[in-house]
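One-letter residues, chain by chain:
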Amino acid sequence: MTKAPTILYDCDTGIDDALTLLYLASLVRAGKAELAGVGTVHGNTDPLTGALNTLRVLEAAEIKAGEQGVPVAVGAPRPMAQDVHYALDWHGTDGLGDTRLPEPAGRPVAEPAAAQIVRLAREAPGELTLLATGPLTNLGAALLLDDELPSLIKEVVVMGGAFDHPGNITTHAEANIWHDPEAADLVFAADWPVVLVPLDATHPTAVHDDWLDRLAAHDTPVARFAASILEFYADAYTPTLRRRGAVIHDALAAMLVVEPELGEYATRPVRVELRGELTRGTTVWDARSLPAEDARRPVKVAVGSDVKAFQERLLASLMSF
C-alpha cells in the first residue's frame, strides 16, 4: 500500500480554503493523510484572520489544532514587491462569507509560517508534500531562509496560474500568482517537484444547484457550515458562471495530492511575468511544438481532471462528519 501523504498546507483561509480544510480533515479522520501543519498568508484575507479561520474549521471538523494539535502558523502579511490586496468581495470581510463565527478555542503558534516550513522539512526530509492554495509568499520566503529546502520537500502542489484560460483577477493573471508574482517565480524556479493546478483545470469543476442542494440537505453541523459559507461564494460566482454555482479551486489541488490519477497533465517549465503593464502575474509556458531550451526544472501542470469524480468525492467528504 502507498503511504498516506504528510501534508503541510499553506493557504489564505477564505471559503474555498475552508472547504479544502474540511476535505483534508476527512482524509485525516480516514487515515488517508496526515496534516503536519498549516501556514496562512495574505490573500483572501489577512493572515491572522486566516489563521483564526483555519482553527475554526479544524475545530468544527474535530481536529485538534493550535498549540495542542495541528500547528497553525501566521505567515506573510504582504507580498514581496507590491501592495497587499484582499478578496473581500469573494470571501466576505471575515473570510468566511460574513458568517461571524465565534472565536476558536485554539490559538496560532508563535512560529512564523515560513520558518515552520523550514523546520518541518528539516525534521522529516523527503516526507512532506507542501500544498499551497494562496499567494506563494511564505514558500518564497522559506526558499530564501534555507537554500537546501528544495532537496527536503517531497512535492509541492500549487493551486494557481492560468494558461489557455482567462485570468480571474486581470485579463491574464490568476489571483494567487498575481498577489505575489515574485514569490511565485521563485517557487517555479526552484529545483523541486512542482504540480501546478491552474484555472484551466479548476474552472471546469464548478458545482451548481443540484450539488449545492444535496449538501444543504445533509443536516449535520459541518454540512450546515459548508453550505452557509457556500451561499456567499455562490452569490459572488453567479455572474461569472451565468448560473448559480461556485468553483472550489483549492480542493482540486488537494485531491490531486492523494489521487493524482484524477488529473490530466502537461509538463513544461513555467515562468511568471513580472514587468508587463497589462500582464504582470501571468503564468507563461512555451507551448510550441519545439519549445526553446530552458534550464528550469519542468512543472507538471494539470490541464484537466475527472470532474464528476472530483465533485462526488468532495461532496462525500463534506457529508462524512
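The rules behind the values
- Residues numbered from 1 in each chain as written.
- Predicted model: local features only at pLDDT ≥ 70, side-chain atom pairs only at ≥ 80, totals over all residues.
- Heavy atoms only, no water.
- Buried < 20%, exposed > 50% of the residue type's maximum accessible area, 1.4 Å probe, protein only.
- Helix = DSSP H or I, 4+ residues; strand = E, 2+ residues; numbered from the N terminus.
- Contact = heavy atoms within 4.5 Å.
- Pairing = 2+ DSSP bridges.
- Axes fitted to C-alpha atoms, helices over the stretch in contact; angles between N-to-C directions.
- Core = buried A, V, L, I, M, F, W, Y, C linked by side-chain atoms within 4.5 Å.
- Nonpolar A, V, L, I, M, F, W, Y, C, P; charged D, E, K, R; others polar.
- Phe/Tyr/Trp six-rings, centres within 6.5 Å; stacked < 30°, edge-to-face > 60°.
- Lys NZ or Arg CZ within 6 Å of the ring centre and 35° of its normal.

Undergrad: A description of helix H8 (residues 181-189) should follow, citing residues and the corresponding values.
TA: Among all positions in H8, only Pro181, Ala183, Ala184, Asp185, Val187 and Phe188 are buried. Turning to H8, the residues buried within the fold contact helix H5 (137-145), helix H7 (175-178), strand S6 (194-197), strand S10 (271-272), strand S11 (283-284) and strand S12 (299-305).

Undergrad: Give me the lowdown on the sheet that holds strand S5 (residues 153-159), citing residues and values where you can.
TA: Ordered by their spatial adjacency, 8 strands build an open sheet running S3-S2-S1-S4-S5-S6-S12-S9, and the pairing between neighbours is mixed. Of all the strands in the sheet, the pair left with one neighbour each is strand S3 (72-74) and strand S9 (263-268). Averaged over neighbouring strand pairs, the angle between their axes works out to 20° when direction is ignored. Where strand S2 (residues 34-40) and S3 come together, 3 bridges link them in parallel fashion. Within the sheet, the bridge partner assigned to Gly39 lies in S3 and is Ala73.

Undergrad: A description of the nonpolar core should follow, citing residues and the corresponding values.
TA: Counting 68 residues, the largest nonpolar core has Leu22 and Trp211 as the members making the most contacts within it. In terms of residue count, helix H11 (residues 221-241) provides more of this core than any other element does, 11 residues in total. The residues touching Leu22, leaving out its near neighbours within four places in the chain, are Val57, Ala61, Val222, Phe225, Ala226, Leu318 and Phe321.

Undergrad: An account of the packing of helix H10 (residues 209-216) against H11 is needed here, citing residue identities and associated values.
TA: Put simply, H10 and H11 touch, their axes get as near as 9 Å, and they point 145° apart. For the pair H10 and H11, contact is made by Trp211, Leu212, Leu215 and Ala216 and by Ala223, Ala226, Ala227, Leu230 and Ala234, respectively. Tallied by class, the residues present in the contact of H10 with H11 amount to 9 nonpolar, no polar and no charged.

Undergrad: Go over the packing of aromatic side chains, please, and point to the residues and values.
TA: According to the stated counting rule, one finds 3 aromatic pairs in the structure shown. Summarising the aromatic geometry, the rings of Trp90 and Tyr237 are spaced 4.8 Å apart at their centres and angled 65° between planes, so their arrangement reads as edge-to-face. With a gap of 147 residues between them, Trp90 in helix H3 (residues 88-91) and Tyr237 in helix H11 connect regions that are remote in the sequence. Of the residues examined, Tyr237 reaches a relative accessible area of 5% and is grouped as buried. Here the aromatic residues Trp90, Tyr233 and Tyr237 are joined through ring pairs into a cluster of three or more. The cationic tip of Arg268 hangs over the ring face of Trp285; the distance from NZ or CZ to the ring centre is 4.5 Å.

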